[in-house]
Amino acid sequence: FCLKLNCDWCGACCRNIRLSQFYSAELDRGDGVCKHLKNNLCEIYAQRPIFCNVDAYYDKFLADKMTREEFYGLNYIFCDELRKTI
């Protein structure tokens with residue numbers, strides 16, 4: 001059984017990085033959009049920061065605090081909120 005976060009690549013998270021608790025000015029192109037977002041895709045996807053990698057972040061920081069399913073649920077809630085901004 002494999003849980004997988006189903007992302008539809010809407011780009012809402014990358015277009016609203018200033019709303020993230022992990023906000024990094026070095027990723028901001030100056031308007032709250034990640035400078036690596038091009039045509040709704042991440043140009044550095046394979047080397048993206050850990051906070052952009054849901055599974056790696058969960059494995060490193062949260063596996064002993066909640067289930068993966070709970071973490072995915074929180075991500076979906078936040079994703080829905082971000083979608084309202086686009």
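Before reading on, note that the structure itself is shown above.
Please read these numbers as outputs of a predicted model, since none were measured by experiment. Each chain has its residues counted from 1, running along the sequence as written. Local features in this predicted model are restricted to residues whose pLDDT is 70 or higher, and side-chain atom pairs enter the listing and the counts only when it is 80 or higher, whereas totals over whole chains, interfaces and linings include all residues. Heavy atoms throughout the structure, all of them, feed into the side-chain values; hydrogens and water do not.

Notes on unusual backbone geometry
One non-glycine residue, W9, adopts positive backbone phi at about 60 degrees. Mapped onto the elements, W9 comes out in the segment before β1 (37-38). Backbone geometry places N40, a non-glycine residue, at a positive phi of 65 degrees. Following the sequence through the fold, N40 ends up in the loop between β1 and β2 (41-42). Relative accessibility decides the category of a residue: with a 1.4 Å probe and only protein chains considered, values under 20% of the type maximum give buried, values over 50% give exposed, and everything between is partly exposed. The partly exposed category is assigned to N40, whose relative accessible area is 31%. Note on conventions: DSSP H or I runs of at least 4 residues are helices, E runs of at least 2 residues are strands, and numbering of each starts at the N terminus.

Some points on the packing of aromatic side chains
Only centres within 6.5 Å qualify two rings of Phe, Tyr or Trp (six-membered ring in Trp) as a pair; their planes then separate them into stacked at under 30 degrees, edge-to-face at over 60, and tilted for everything else. Counted under the stated rule, the structure contains 6 aromatic pairs. On the numbers, 6.2 Å between centres and 25 degrees between planes, the contact of Y57 with F71 is stacked. Highlighted residues: Y57 in helix α1 (residues 54-62) and F71 in helix α2 (residues 68-83), separated in sequence by 14 residues. Per residue, the accessibility class of Y57 equals that of F71, and both read buried. Members of the aromatic cluster, joined through ring pairs, are F22, F51, Y57, Y58, F61 and F71. By the criterion adopted, a ring carries a charge over it if an Arg CZ or a Lys NZ lies within 6 Å of its centre and within 35 degrees of its normal. The cationic tip of R48 hangs over the ring face of Y45; the distance from NZ or CZ to the ring centre is 3.8 Å.

Some words on the nonpolar core
A general trend in soluble globular proteins is that nonpolar side chains are found buried together. Working definition of a nonpolar core: buried Ala, Val, Leu, Ile, Met, Phe, Trp, Tyr and Cys residues. They are joined through side-chain atoms within 4.5 Å. Counting residues in hydrophobic clusters, the biggest one holds 6 residues: V54, Y57, Y58, L62, F71 and Y72. Among the elements of the structure, α1 and α2 are those that each provide at least two residues to this core.

Some thoughts on the environment of A25
Tracing the chain through its elements places A25 in the segment before β1. Along the sequence, A25 and W9 sit 16 residues apart, while their C-alpha atoms lie 22 Å from each other.

Examining the state of the cysteines
Two cysteine sulfur atoms make up a disulfide if the distance between them is within 2.5 Å. Summed over the entire model, instances satisfying the criterion amount to 0 disulfides. Counting only cysteine sulfurs, C14 is the nearest neighbor of C13, a cysteine outside any disulfide, at a range of 3.9 Å. With no disulfide partner, C42 has as its closest neighbouring cysteine sulfur the one in C34, 6.1 Å distant. Overall, C42 belongs to the partly exposed group, its relative accessible area being 26%.

Quick word on α1
An α-helical segment advances 3.6 residues per turn. Residues three or four places apart therefore align on the same side. The complete set of buried residues in α1 reads V54, Y57, Y58 and L62. With its buried residues spanning 100 degrees around the axis, α1 presents them on a single face. Those residues of α1 that are buried are in contact with α2. Arc, as used here, means the arc of the directions from the helix axis to the C-beta atoms. Contacts are assigned to residue pairs with any non-hydrogen atoms lying within 4.5 Å of each other.

Geometric descriptors of this kind do not, in isolation, establish any biological role.
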